[in-house]
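Coordinate analysis (summary)
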Amino acid sequence: MLCLTRRLDKVIIKKMIRSLEVKNFKSISDAKAKFPTFGAIVGLNAAGKSNLIQVVEFARSLVKGVELEFIQSRIGSTAEELFNLRDRSLSKPFSICIEVESEDGQVYILTFAVSLKKSLSDESSLVISEESLVSEHEGRMIDIYRRNQEGAIFDENREVTSFTVREDKLWISNFNDSHAEKVRKIFRDVRIHHFDVRSRWLYPEGRNDSISRLISSLMKRDELYVNFLKIIKDVMPNFSDFKEIEILGEKAKNEVRRDILLLLQEKSLQGYLTMRSLSEGDLRTLFILATGLDMPPNSTFLIEEIENGMHPDRVTKVVEYLDTFSKAKNIQIIFSTHSPIVINDLTPKNIIFVEKDEQGSNFTLLSESEDVGKIKDLLKGGGRLSDYIMTKSQ
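Residues numbered from 1 in each chain as written. Predicted model: local features only at pLDDT ≥ 70, side-chain atom pairs only at ≥ 80, totals over all residues. Heavy atoms only, no water.

1. Let's talk about the overall build of the chain
For the chain, the count of helices and strands is 10 helices and 18 strands. Per-residue burial for the chain yields a buried fraction of 51% across its 394 residues. Carbon and sulfur atoms make up 48% of the accessible area of the chain, which totals about 19700 Å². (Helix = DSSP H or I, 4+ residues; strand = E, 2+ residues; numbered from the N terminus. Buried < 20%, exposed > 50% of the residue type's maximum accessible area, 1.4 Å probe, protein only. Areas by Shrake-Rupley, 256 points an atom, 1.4 Å probe, with all protein chains shown as cover.)

Dropping the structure here:
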């Protein structure tokens with residue numbers, strides 16, 4: 001197992017996202033989830049694993065200044081589908097309360113509610129109905145600002161500071177305040193794995209969301225790229241090297257467009273191959289490991305169904321490397337998985353267990369489960385965490 005060159009024994013790991021409390025969002029009626037620094041989200045299909053990741057994506061996009069309508073279109077739902085459908089009246093807003101920790105150890109709690117608004121033509125749209133940001137200092141909660149249903153902003157002294165608030169955006173996205181900027185930085189450094197195999201071999205000028213862009217970026221950082229090659233050769237033994245070539249095309253108004261084509265070389269073949277020739281599993285492997293190395297310190301990386309397209313031996317190695325990245329660079333890395341092999345390599349403190357009952361999805365950190373005694377006895381007796389998960393899910 002290869003490691004990064006930085007020593008790990010003195011690294012203090014912070015949890016950039018500490019916890020979430022969610023009400024009335026999709027399958028989640030009323031639930032709280034505590035996030036580990038490194039770990040997995042596990043549970044049956046349709047239990048709510050993806051919805052938990054979507055909550056983070058929703059909050060991240062709003063904090064970055066994205067409008068509600070665009071976020072809704074990215075998730076691919078109608079406005080009504082974002083609400084927990086147990087409340088057929090759709091009269092209740094959905095709310096998200098997210099506790100985060102900045103790199104200097106300051107804890108903040110951002111809370112907002114999203115309501116459904118009907119126009120005169122009976123068309124539905126989403127609006128922010130409430131919002132607040134508080135900080136925790138020596139055990140006390142201190143208001144940074146609050147926003148009411150009329151859109152007024154109140155500061156820590158409960159004085160009105162603004163009425164010019166867009167109903168489709170969070171105030172924090174443009175609030176000129178040092179605390180707000182710390183929170184914005186936390187969410188800017190959240191990456192959520194959305195791998196699109198359709199755009200896997202080219203990255204156009206100005207695009208920064210493709211596997212080719214990631215690897216090309218690593219190629220320009222000598223020490224990091226050396227580490228990346230060592231890791232990839234360990235995980236994908238037939239791999240040899242990468243090469244990029246420039247492709248010039250035409251842009252609007254006769255401006256030259258610069259695209260990059262990333263090629264790779266395998267040991268047993270002459271010449272180079274395009275990324276188009278790789279399987280989805282190989283591409284996911286490259287994308288996840290490149291992203292892990294590219295992540296800045298004190299950031300968060302969320303991955304859905306990490307084992308998709310990978311052999312069990314490979315996914316084990318990928319998870320081991322991600323654990324190394326997490327410790328070496330103080331990165332919070334959380335992934336959903338169904339793999340018993342991955343689950344059994346983790347400990348109860350690393351697993352968010354997702355269950356769904358008549359009320360909706362629930363999230364439990366196994367180390368804080370009411371069954372923690374049973375889990376410890378199971379492990380001491382030679383049992384496996386996957387056995388507990390399987391029994392609990394039946």
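Still to come is the rest of the account.
2. Focus: the packing of aromatic side chains
Enumeration according to the criterion identifies 11 aromatic pairs in this entry. Centroid distance Tyr225 to Phe228: 6.5 Å. Interplanar angle 35 degrees. Geometry classified as tilted. Of this pair, Tyr225 and Phe228 are both found in helix 5 (residues 222–235), 3 residues apart, which corresponds to roughly one turn of the helix. Per residue, the accessibility class of Tyr225 equals that of Phe228, and both read buried. Members of the aromatic cluster, joined through ring pairs, are Phe25, Phe58, Phe83 and Phe94. (Phe/Tyr/Trp six-rings, centres within 6.5 Å; stacked < 30°, edge-to-face > 60°.)

3. Overview of the side chain of Asp143
Structurally, the position occupied by Asp143 is in strand 7 (residues 140–147). Every residue in contact with Asp143, bar those within four places of it in the chain, is listed here: Leu133, Val134, Glu156 and Arg158. (Contact = heavy atoms within 4.5 Å.)

4. Thoughts on the nonpolar core
One finds Leu20, Phe35, Phe58, Leu110, Phe112, Tyr145 and Ile172 to be the most contacted residues of the largest nonpolar core, which totals 57 residues. Examining the composition of this core, we find that 8 residues originate from one element, helix 1 (residues 49–63), more than from any other. Leaving out residues up to four positions away in the same chain, Ile172 has contacts with Val63, Leu110, Glu131, Leu133, Tyr145, Ala180, Val183 and Arg184. Counting 51 residues, the second largest nonpolar core, distinct from the first, contains Ile215, Ile231, Val319 and Leu346. (Core = buried A, V, L, I, M, F, W, Y, C linked by side-chain atoms within 4.5 Å.)

5. Some details on unusual backbone geometry
Its identity as a non-glycine residue notwithstanding, Ala46 has a phi of 70 degrees, on the positive side. As for its placement among the helices and strands, Ala46 is situated in the loop between strand 3 (38–43) and helix 1. Overall, the relative accessible area of 64% leaves Ala46 in the exposed class. Phi is positive for Asn298, which is not a glycine, with a value near 60 degrees. Assignment of secondary structure puts Asn298 in the loop between helix 6 (280–294) and strand 15 (300–303).

6. Considerations on the sheet that holds strand 15
Two modes of strand pairing occur in sheets, parallel and antiparallel, and in both the strands are linked by backbone hydrogen bonds. One open sheet holds the 6 strands; their spatial order is 10-15-16-3-17-18, and the pairing between them is mixed. Among the strands making up the open sheet, the edge pair consists of strand 10 (190–192) and strand 18 (360–365). Between one strand axis and the next, the sheet turns through 20 degrees on average, direction left out of account. As paired strands, strand 10 and strand 15 are joined by 3 bridges and run parallel to one another. In the sheet register, Ile192 faces strand 15, and the bridge partner there is Leu302. (Pairing = 2+ DSSP bridges. Axes fitted to C-alpha atoms, helices over the stretch in contact; angles between N-to-C directions.)

7. Some words on the packing of helix 4 (residues 211–219) against helix 6
Running from N to C, helix 4 and helix 6 point in directions that differ by 45 degrees, and their axes come no closer than 9 Å. One way to sum up the angle between helix 4 and helix 6 is to call them oblique. For the element pair helix 4 and helix 6, the recorded crossing hand is left-handed. Two secondary-structure elements touch here, helix 4 through Ile211, Arg213, Leu214, Ile215, Ser217 and Leu218 and helix 6 through Leu283, Leu286, Phe287, Ala290, Thr291, Leu293 and Asp294. (Parallel < 35°, antiparallel > 145°, perpendicular 65-115°, else oblique. Left-handed = near helix turned anticlockwise from the far one by under 90°.)

8. Things to note about the packing of helix 6 against helix 7 (residues 312–329)
For the pair helix 6 and helix 7, interaxial distance at closest approach is 9 Å and the crossing angle is 10 degrees. Classified by the interaxial angle, the pair formed by helix 6 and helix 7 is roughly parallel. Contacts between helix 6 and helix 7 pair Gly281, Asp282, Thr285, Ile288, Leu289, Gly292, Leu293 and Asp294 from the former with Arg314, Val318, Tyr321, Leu322, Phe325 and Lys329 from the latter. Partitioned by chemical class, the residues of the contact of helix 6 with helix 7 number 7 nonpolar, 3 polar and 4 charged. (Nonpolar A, V, L, I, M, F, W, Y, C, P; charged D, E, K, R; others polar.)

9. Regarding helix 2 (residues 68–75)
Among all positions in helix 2, only Leu68, Ile71, Gln72 and Ile75 are buried. The buried residues of helix 2 occupy an angular sector of 100 degrees when the element is viewed end-on, so they sit on one face. Exposed residues pointing more than 90 degrees away from the buried face of helix 2 are listed as Glu69 and Arg74. The inward-facing, buried residues of helix 2 contact helix 1, strand 5 (107–118) and strand 6 (124–137). At the C-terminal side of helix 2, Gly76 shows a positive phi close to 85 degrees. (Arc of directions from axis to C-beta.)

10. What about the side chain of Asn350?
Take Asn350: it is sitting in the loop between helix 8 (340–344) and strand 17 (351–357). A polar side-chain atom of Asn350 sits 2.5 Å from a polar atom in the side chain of Thr347. (Polar contact = N/O pair within 3.5 Å; in protein donor to acceptor, adjacent residues only side chain to side chain.)

11. Digging into the pairing of strand 2 (residues 28–34)
In terms of strand pairing, strand 1 (residues 17–25) meets strand 2 through 6 bridges, oriented antiparallel. Following the sheet pairing, Ser19 is matched in strand 2 by Lys34. The turn joining strand 1 and strand 2, which pair antiparallel and follow one another in sequence, is formed by 2 residues; a positive phi near 50 degrees is taken by Lys26.

12. Section: the pairing of strand 1
Two strands pair when backbone bridges link them, and strand 1 and strand 4 (residues 94–101) are joined in this way by 6 bridges, in the antiparallel orientation. Along strand 4, the bridge assignment pairs Val22 with Ile96.

13. A short note on the environment of Thr324
Position of Thr324 among the secondary structure elements: in helix 7. Relative accessible area serves as the criterion here: at 9%, Thr324 is assigned to the buried category. For the pair Thr324 and Gly292, spaced 32 residues apart in sequence, the C-alpha separation works out to 9.7 Å.

Everything listed is a geometric property; what it means functionally is a separate question.
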